[in-house]
Structure formats: C-alpha cells, structure tokens
Amino acid sequence: MALKTLMFFCLLVAAMALAAPMAEAQLGGLISGLLGLIKIQGTLFCTVDGNMGVNGSATPVFPNALVQLQCGGDVVSSSTTNGSGIFSILLDPLQFLLPSLLNNCNIIVKTPLSNCNATLPSIGGLVSSLQILGNTLVGLLSITNLGTTGFKLLPST
C-alpha cells in the first residue's frame, strides 16, 4: 500500500511540474489582455485636408486643435494637438472593442482650419476613419496602435 501511495504522489508531482508552465502561459495571456491599451495617435497638418502636403517637411502643423473620437455620433474621448500638431488618445480595451472602433468611430477635428491659416475655411471640420498601425509590447503591457486613414474636409459640423 505504501508503494502505491508513493507512486501516486510521484505521479502527482510530475503532473504538476508539467502543467505549471502551461498555466503560467495561460495566466500571462490573461494578464496581458487585462494590461492592454489602445492608443490613437497622429499628426494634424494645417492644410485643407489636414494631411501632409506633397512636399512633406514644408507643410505647417496645426497646434492647439481640438481632436475628438466620435463613435456613433457620441464623443467618447478628446485631445488637443501639441505644438508639433501631434495628438494622442488612450483607451481601455475592456471598454472599447477594436472592431467597433475601426468600423463605427471617427476622429473629428472641431477647431476651424482658419485658426492655423486665415486663408483656410472658418466653417466645417476634418474627419478621418481609423486603421491599425501595429502592436507594441512593453513588458506585460500590450499597446494596440491606431492612426487615421487620412482626413477629409467636412463642409459644416
């Protein structure tokens, strides 16, 4: 009987040793899913379509512009471009599903274009849909990077 108990104990220890790496990997996957972010970022240029001009580096940026993430017509987050025209919006992936963001949400620029260049329209705004730029892994933190597909002028907002 003692031999059977010893044999059972050895098998139990061996099974636990084999199962531990699998459990750790599954737990790591769960933790990285919980420790994730969605980052929407881009640069807004002071042009009629908010995109970089043909000559690239000579295109001025649009600082201090109000940029909103709208989903289904509702503003769910907003940001202001910095002095270099860059905006960034961070989202919790537990509150926003990636397919929903890509299909139902847009980046809207509410600040009139005339604020950065008086020759541009003073009414209307810019709109762009979203696209996946890639993923970044920082330790256990997984960041899904999204960007704009290209802005278009909306005649009035």
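Described below are features of the structure shown in this document.

What counts and how
- Residues numbered from 1 in each chain as written.
- Predicted model: local features only at pLDDT ≥ 70, side-chain atom pairs only at ≥ 80, totals over all residues.
- Heavy atoms only, no water.
- Helix = DSSP H or I, 4+ residues; strand = E, 2+ residues; numbered from the N terminus.
- Areas by Shrake-Rupley, 256 points an atom, 1.4 Å probe, with all protein chains shown as cover.
- Core = buried A, V, L, I, M, F, W, Y, C linked by side-chain atoms within 4.5 Å.
- Buried < 20%, exposed > 50% of the residue type's maximum accessible area, 1.4 Å probe, protein only.
- Contact = heavy atoms within 4.5 Å.
- Pairing = 2+ DSSP bridges.
- Axes fitted to C-alpha atoms, helices over the stretch in contact; angles between N-to-C directions.
- Polar contact = N/O pair within 3.5 Å; in protein donor to acceptor, adjacent residues only side chain to side chain.

Re the overall build of the protein chain
- Check the secondary structure of the protein chain and you find 2 helices and 9 strands.
- Going from N to C terminus, the protein chain has its helices and strands arranged as α-β-β-β-β-α-β-β-β-β-β.
- Surface exposure of the protein chain reaches about 9400 Å², of which carbon and sulfur atoms provide 64%.

So, the nonpolar core
- Counting residues in each nonpolar core, the largest one holds 23 residues, and the members touching the most others are Ile40, Leu69, Leu91, Leu101, Ile107 and Val109.
- Elements that contribute at least two residues to this core include exactly β1 (36-43), β2 (66-71), β4 (86-91) and β5 (105-109).
- Apart from the residues within four sequence positions on either side, leucine 101 is in contact with Ile38, Leu69, Cys71, Leu91, Phe96, Leu130 and Leu146.

Things to note about the pairing of β2
- Within β2, 5 of the 6 residues are buried, which leaves it mostly tucked inside the rest of the structure.
- Alignment of β2 against strand β3 (residues 74-80), held across 6 bridges, turns out to be antiparallel. Looking at the pairing, leucine 66 lines up with threonine 80 of β3.
- Hairpin connection of β2 to β3: 2 residues between the antiparallel strands, including glycine 72 at a positive phi of 60 degrees.
- Inspection of the sheet shows β2 paired to β5 by 5 bridges, in the antiparallel sense. Note on β5: the bridge partner recorded for leucine 69 is isoleucine 107.

Description of the sheet that holds strand β8 (residues 141-148)
- Within the open sheet, the 4 strands sit side by side as β4-β1-β8-β7. Their pairing is mixed. Lying at the two open borders of the sheet, with one neighbouring strand each, are β4 and β7 (130-138). Neighbour-to-neighbour, the strand axes of the sheet open up by a mean angle of 25 degrees, direction not taken into account.
- Bridge analysis of β1 against β8 gives 5 bridges, and the strand direction is parallel. Across the sheet, residue isoleucine 40 finds its bridge partner in β8, namely leucine 146.

Notes on the side chain of threonine 81
- If you trace the backbone, threonine 81 turns up in the loop between β3 and β4.
- A distance of 2.9 Å separates the side chain of threonine 81 from the backbone nitrogen of asparagine 64, its partner in a polar contact.
- Ignoring anything within four residues of it in the chain, the contact list for threonine 81 reads Leu44, Phe62, Pro63, Asn64, Ala65, Val67, Ile86 and Phe87.

Let's talk about the side chain of serine 79
- On the secondary structure map, serine 79 appears in strand β3.
- Classification of serine 79 as buried rests on a relative accessible area of 12%.
- Here the side chain of serine 79 touches serine 88 through a polar contact of 3.3 Å, landing on its backbone oxygen.
- Residues contacting serine 79, with those up to four places away along its chain left out, are Ala65, Leu66, Val67, Phe87, Ser88 and Ile89.

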